[in-house]
Amino acid sequence: MKVFVLGGDGFCGWPCAVNLADAGHDVVIVDNLSRRKIDIDLGVESLTPIATIQDRLRAWEQVGGKAMRFVHLDIAQEYTRLLDLLRDERPAAVVHFAEQRAAPYSMKSSATKRYTVDNNVNGTHNLLAAIVESGVDCHIVHLGTMGVYGYGSHRGATIPEGYLTVEVPQPDGSRFTEKILHPADPGSVYHMTKTLDQLLFFYYNKNDGIRVTDLHQGIVWGTNTELTEKDPRLTNRFDYDGDYGTVLNRFLMQAAIGYPLTVHGTGGQTRAFIHIRDSVRCVQLALEHPPQSGEKVKIFNQMTESHQVGQLAEKVAALTGAEISHLPNPRKEAIENDLIVDNRCFIELGLKPTTLDDGLMAEVVDVARRWADRCDRSRIPCISAWTTKQAEAIQAV
């Protein structure tokens, strides 16, 4: 089937696009290449060298992959072009990665806060409005985040897949039960945009019958899939800087270059994780099992395991011999939290989880060592603070 991959040049988008093309789908990558521009603005690059989108597509065909097309388009700002593209191509599905994905970047300044809201919320709403106006019956698969649920307020309860069954007391003493969207508790401007996304999906699904699967994804680790390893020009991003680097990849990179593992705060923060290979597989499973007409938004918890950050650092230190450094936390968040997550939907669809014990952490360390000369150590610290109080604590170190 024809699939649009919005944001298909990015960290999760590129390996997803390649995987879908390998599965035989007609893939059209739609991207404004904003992530590359942010690299320029921040003065930092992916640890792994990234080929141009044109070279990536050429390399994919040269290794025998089914050809993919690329459309340079900003879905948040170019509504008419997006509408025309939908009318002309009439995709069966749209995979939506086209959002600014980093919480620290979204808290860096008033400019990055406004950009994150403008880009993410406008982009999602433009897509929904354009699908309605075009009359195209397509399935949206959206990459959301586990962060919509928040961290620290669950009191040991298992986080369900999107919907919470509540009991509502009535004045006469009777009660009734109802399923509602799980209450949102965003921890950054980025996470707030994802909570707004799910409300937009809820409304357009109810009002216009748009079929949506919303994937509440954990923190992604790893770099490549088997397909992106076929040619150096297909290599995926490896972000290590304080704004875009994800915690486990940062730990593994720091260990590879002899830099102390940076644990912010107590290390008691518990987060959900998923390997990039499983992330790609989950998107494919979601596409293969779309909601039926009239079905409410499907919400899957796209994660495979949970770990405390401090314990994760200890695990990496044991593997690599690295030292651990405790630093002030730039985030305004709970000192520690529990995190119990229901992820049975993808397991029942056949996902076989990749875990930290599967040997792939060493693979990430090897990638980091190979490209260690590209690391700018001055960009490793996390300095984008949530409030002036956190900023003062960072500056005092």
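Criteria and thresholds
Residues numbered from 1 in each chain as written. Predicted model: local features only at pLDDT ≥ 70, side-chain atom pairs only at ≥ 80, totals over all residues. Heavy atoms only, no water. Helix = DSSP H or I, 4+ residues; strand = E, 2+ residues; numbered from the N terminus. Rg over C-alpha atoms; globule rule 2.2 N^0.38 Å. Buried < 20%, exposed > 50% of the residue type's maximum accessible area, 1.4 Å probe, protein only. Pairing = 2+ DSSP bridges. Axes fitted to C-alpha atoms, helices over the stretch in contact; angles between N-to-C directions. Lys, Arg positive; Asp, Glu negative; His and termini not counted. Salt bridge = Lys/Arg side-chain N within 4 Å of Asp/Glu carboxyl O. Polar contact = N/O pair within 3.5 Å; in protein donor to acceptor, adjacent residues only side chain to side chain. Contact = heavy atoms within 4.5 Å. Core = buried A, V, L, I, M, F, W, Y, C linked by side-chain atoms within 4.5 Å. Phe/Tyr/Trp six-rings, centres within 6.5 Å; stacked < 30°, edge-to-face > 60°. Lys NZ or Arg CZ within 6 Å of the ring centre and 35° of its normal. Expected span 1.5 Å × (residues − 1). Arc of directions from axis to C-beta. Disulfide = S-S within 2.5 Å.

1. Some remarks on the overall build of the protein
Argument step 1. Along its length, the protein carries 13 helices and 16 strands.
Argument step 2. In terms of C-alpha radius of gyration, the protein reaches 21 Å, essentially the compact-globule figure of 21 Å for 397 residues.
Argument step 3. In terms of overall dimensions, the protein has C-alpha extents of about 65 × 55 × 40 Å along its principal axes.
Argument step 4. Per-residue burial for the protein yields a buried fraction of 56% across its 397 residues.

2. Things to note about the sheet that holds strand S9 (residues 211-217)
Argument step 1. Read across the sheet, seven strands follow the order S3-S2-S1-S4-S5-S9-S13 without closing on themselves; strand pairing throughout is parallel. Each end of this open sheet is capped by a strand with a single partner; those strands are strand S3 (69-72) and strand S13 (298-302). Strand-to-strand twist of the sheet, defined as the mean angle between neighbouring strand axes without regard to direction, takes the value 20°.
Argument step 2. Where S9 meets S13, five bridges bridge the pair, whose relative direction is parallel. Bridge pairing in S13 places aspartate 214 opposite isoleucine 299.

3. What to know about the side chain of aspartate 31
Argument step 1. Tracing the chain through its elements places aspartate 31 in strand S2 (residues 26-31).
Argument step 2. One buried charged residue, aspartate 31, remains without a salt bridge, the closest side chain of opposite sign being arginine 36 at 7.1 Å.
Argument step 3. Of note is the side chain of aspartate 31, whose polar atom sits 2.6 Å from the backbone nitrogen of leucine 33.
Argument step 4. Once residues within four sequence positions are removed from consideration, aspartate 31 is found in contact with Gly7, Gly8, Asp9, Gly10, Phe70, Val71, His72 and Leu73.

4. Quick notes on the sheet that holds strand S10 (residues 219-221)
Argument step 1. Strand order in the open sheet formed by three strands is S10-S12-S14, and the pairing between neighbours is mixed. Of all the strands in the sheet, just S10 and strand S14 (305-308) have a single pairing partner and so form its edges. Between one strand and the next, the sheet's axes are offset by a mean angle of 45°, whatever the strand orientation.
Argument step 2. The pairing of S10 with strand S12 (residues 270-275) spans three bridges and is classified as parallel. Bridging from a neighbouring strand, tryptophan 221 pairs with histidine 275 of S12.

5. Digging into the environment of alanine 98
Argument step 1. Inspection of the secondary structure puts alanine 98 in the loop between strand S4 (93-96) and helix H5 (103-106).
Argument step 2. A sequence separation of 88 residues divides alanine 98 from glycine 10, and the C-alpha atoms of the two residues are 8.5 Å apart.
Argument step 3. With residues up to four places along the chain from it excluded, the contact list for alanine 98 reads Leu6, Gly7, Ile75 and Asn119.

6. Comments concerning the nonpolar core
Argument step 1. Formed by 39 residues in total, the largest nonpolar core has its most connected members in Phe4, Leu6, Val30 and Ile140.
Argument step 2. Residue assignment for this core shows that the elements contributing at least two residues are strand S1 (2-6), S2, helix H4 (79-89), helix H6 (110-134) and helix H7 (189-208).
Argument step 3. For this core, the element with the most residues is H6, which contributes six residues.
Argument step 4. Sequence-distant contacts of isoleucine 140, that is, excluding residues within four places in its chain, are made with Val94, Leu127, Leu128, Ile131, Phe201, Ile210, Arg211, Val212 and Thr213.

7. Quick word on the packing of aromatic side chains
Ring pairs (aromatic) are described by centroid distance and by the angle formed between their planes.
Argument step 1. Per the counting criterion, the structure on display carries three aromatic pairs.
Argument step 2. Consider the rings of tyrosine 105 and tyrosine 244, whose centres lie 5.6 Å apart with planes at 45°: the pair is tilted. Here tyrosine 105 is found in helix H5, whereas its partner tyrosine 244 is found in the loop between S10 and helix H8 (247-257), with 139 residues between them in sequence.
Argument step 3. Between phenylalanine 300 and phenylalanine 346, the aromatic rings sit 4.7 Å apart at their centres with planes inclined by 75°, giving edge-to-face as the arrangement. Pair noted here: phenylalanine 300 is in strand S13 and phenylalanine 346 is in helix H11 (residues 344-348), with a separation of 46 residues, a long-range link.
Argument step 4. Residue class for phenylalanine 300 comes out buried when judged on its relative accessible area of 6%.
Argument step 5. Cation over ring: arginine 35 sits above tyrosine 244, and NZ or CZ is 3.7 Å from the ring centre.

8. Some words on the side chain of serine 134
Argument step 1. As for its placement among the helices and strands, serine 134 is situated in helix H6.
Argument step 2. Ignoring anything within four residues of it in the chain, the contact list for serine 134 reads Leu83, Leu86, Arg87 and Arg90.

9. Description of helix H10 (residues 309-320)
Residues spaced three or four apart along an α-helix point in a common direction, a consequence of the helix completing one turn every 3.6 residues.
Argument step 1. Taking 1.5 Å per residue as the helical rise, H10 with its twelve residues ought to reach 16 Å, and the 16 Å between its terminal C-alpha atoms agrees with that figure.
Argument step 2. All of the buried residues in H10 are Val309, Gly310, Leu312, Ala313, Val316 and Ala317. An end-on view of H10 places all buried positions within 155° of arc, on one side of the element. Within H10, the exposed residues directed more than 90 degrees away from the buried face are Glu314 and Ala318.
Argument step 3. Contact partners of the buried residues in H10: H8, strand S11 (261-264), S12, S14, strand S15 (324-327) and helix H12 (360-370).
Argument step 4. Trailing H10 by a residue or two, glycine 321 shows a phi angle of about 85°, which is positive.

10. A few points about the pairing of S9
Argument step 1. Across the seven residues that make up S9, a large majority, seven, are buried.
Argument step 2. Neither face of S9 is exposed, since Arg211, Thr213, Leu215 and Gln217 on one face and Val212, Asp214 and His216 on the opposite face are all buried.
Argument step 3. As paired strands, strand S5 (residues 139-145) and S9 are joined by seven bridges and run parallel to one another. Bridged to valine 141 within S9 is threonine 213.

11. With respect to the state of the cysteines
Among covalent bonds in proteins, the disulfide is the one between the sulfur atoms of two cysteines.
Argument step 1. One pass over the structure, following the stated rule, counts zero disulfides.
Argument step 2. Its sulfur unpaired, cysteine 16 is 8.6 Å from the next cysteine sulfur, which belongs to cysteine 12.

12. Side note on the environment of glutamate 295
Argument step 1. Note on placement: glutamate 295 falls in the loop between helix H9 (276-288) and S13.
Argument step 2. The class for glutamate 295 is partly exposed, based on a relative accessible area of 28%.
Argument step 3. Spatially, the C-alpha atoms of glutamate 295 and cysteine 282 are 20 Å apart, while their sequence positions differ by 13 residues.
Argument step 4. Engagement of the side chain of glutamate 295 in a polar contact is seen with the backbone nitrogen of glutamine 292, the distance being 2.8 Å.

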